[in-house]
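# Examining the three-dimensional arrangement
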Amino acid sequence: MTNPASYLVFTDLDGTLLNHDDYRYDAALPMLAWLKAHQIPVIAVTSKTRVEVEELLQALSFEEPFVVENGSGVFIPANDQRFDLTQTEVSQQVWNQHQRLCLGCTYNQARIGLQTLSQRLSQPLQGFGDMSVDELMALTGLNSEDALKAQTREFTEPFVNPGLAASALAQQVAEMGFQILVGDRFCHLIGLGAGKGKAVNLLVQCYQTLQPPIKTVGLGNSPNDLAMLEVVDIPIVIPGTKGPHPGLAHQGWQIAPAPGAQGWAMAMSQVRDQYWSSV
């Protein structure tokens, strides 16, 4: 069996480690405690902001790297000796006891990009930075405190989907030097160098300098996680209440037996039994 210390676990949050409807993760707590006890990093890879993820990690008493805003920013605790950043050329700085690596653009650049896109499309586009807290609460269902955290952005700008085809939007932003992720309610304007898969690869490279060989587990629930799931050794799809997302269902990957935190815990228990049963 493989030493579990040579594994990294990368996980999406909403609809994956966190339940889709109530955002709870109680069912995953025993498995998270086991992973922590065996020094296996559990690394959040999410569209959420740094402020949102830091609050979750504090609640879990986790001191692990994390990836925010769809692979645009990577944060590694400054005293974490498992990750050697000396070989990476990615822009980095010390940020609140973390090394902050910027893979994409800055928030100011994303805001300017949204204004440019609005002009190119000849229609107003409403980003998170244009909305009041009340407007964002009405659109998302978030309470005021969580809406403020969602607006505390450093790299990317979500905006209301104007109803244009994804291909049309992608062509426009590519000509501007950006990427776009198109969702049901919101699109996310992100920098060209960003991406969940790119962030995962960066962290694996930094970790391997200290403790090879590394094996990786990835858990996600939507096409937004596709780039992450494609680059890990053990990709796991967390289904919704109606089954796995059609964009992930036919990849040949392991599908967890239940949605949300319960499915996350069950899938990770299967990984533990298959790969770490001697531990």
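Read on for a plain summary of the structure. The shown structure was predicted, so the numbers you read here are calculated from the model rather than taken from an experiment.

### Notes on the overall build of the chain
Helix and strand counts for the chain come out as nine helices and twelve strands. Along the first, second and third principal axes, the C-alpha set of the chain runs to 60 × 45 × 35 Å. Across the 279 residues in the chain, those meeting the buried criterion constitute 50%. A fraction of 61% describes how many contacts in the chain between residues 6 or more apart in sequence connect residues 24 or more apart. Element-wise, carbon and sulfur atoms account for 49% of the exposed surface of the chain, whose accessible area totals about 12700 Å². If you average the places of the 16 positive and of the 27 negative side-chain charges in the chain, the two averages end up 1 Å apart.

### Structural notes on the layout of surface pockets
A water-sized probe rolled over the atoms picks out the places where empty space is left. The volume enclosed by the second largest pocket comes to roughly 290 Å³. The wall of the second largest pocket is formed by 13 residues, among which Phe-62, Glu-63, Pro-77, Gln-97 and His-98 lie closest to the centre. Residue contributions to the lining of the second largest pocket peak at three residues, all from helix α2 (residues 50-60). Partitioned by chemical class, the residues of the lining of the second largest pocket number five nonpolar, five polar and three charged.

### Some thoughts on empty space enclosed by the protein
Inspection of the entire model under this criterion finds one cavity of 30 Å³ or more. Its volume calculated, the largest cavity comes out at about 50 Å³. Every residue along the wall of the largest cavity is listed here: Thr-11, Leu-13, Leu-17, Leu-32, Val-42, Ile-43, Ala-44, Leu-56, Leu-57, Leu-60 and Phe-62. Elements represented by at least two residues in the lining of the largest cavity include exactly β2 (42-45) and α2.

### Here's the deal with the sheet that holds strand β5 (residues 91-95)
Spatial strand order, β5-β6-β4-β3-β2-β1-β10-β11-β12: nine strands in an open sheet with mixed pairing. At either end of the open sheet lies a strand with only one pairing partner, and these are β5 and β12 (254-255). Packed on one face of the sheet, helix α7 (residues 196-208) meets β1 (7-11), β2, β3 (66-68), β4 (73-77), β6 (98-102) and β10 (215-220) and runs near 160° to β1.

### Quick word on the nonpolar core
Leu-35, Val-217, Leu-219, Ile-236, Trp-264 and Met-268 are the most contacted members of the largest nonpolar core, which has 37 residues in total. Looking at which element gives the most residues to this core, the answer is helix α9 (residues 260-275), with six residues. Non-local contacts of Leu-35, meaning those with residues more than four positions away in its chain, are made with Ile-40, Val-42, Trp-264, Met-268 and Trp-276. Among the nonpolar cores identified, the runner-up in size contains 25 residues, and Phe-10, Ile-76, Leu-85 and Tyr-207 belong to it.

Rules and cut-offs
- Residues numbered from 1 in each chain as written.
- Predicted model: local features only at pLDDT ≥ 70, side-chain atom pairs only at ≥ 80, totals over all residues.
- Heavy atoms only, no water.
- Helix = DSSP H or I, 4+ residues; strand = E, 2+ residues; numbered from the N terminus.
- Buried < 20%, exposed > 50% of the residue type's maximum accessible area, 1.4 Å probe, protein only.
- Contact = heavy atoms within 4.5 Å.
- Areas by Shrake-Rupley, 256 points an atom, 1.4 Å probe, with all protein chains shown as cover.
- Lys, Arg positive; Asp, Glu negative; His and termini not counted.
- Charge placed at Lys NZ, Arg CZ, Asp CG, Glu CD.
- 1 Å grid on protein atoms, 1.4 Å probe; cavity = no way out; pocket = protein on both sides within 12 Å on 5 of 7 lines; lining within 4 Å.
- Points joined across faces, edges and corners; volume = space filled by probe spheres on them.
- Nonpolar A, V, L, I, M, F, W, Y, C, P; charged D, E, K, R; others polar.
- Pairing = 2+ DSSP bridges.
- Axes fitted to C-alpha atoms, helices over the stretch in contact; angles between N-to-C directions.
- Core = buried A, V, L, I, M, F, W, Y, C linked by side-chain atoms within 4.5 Å.

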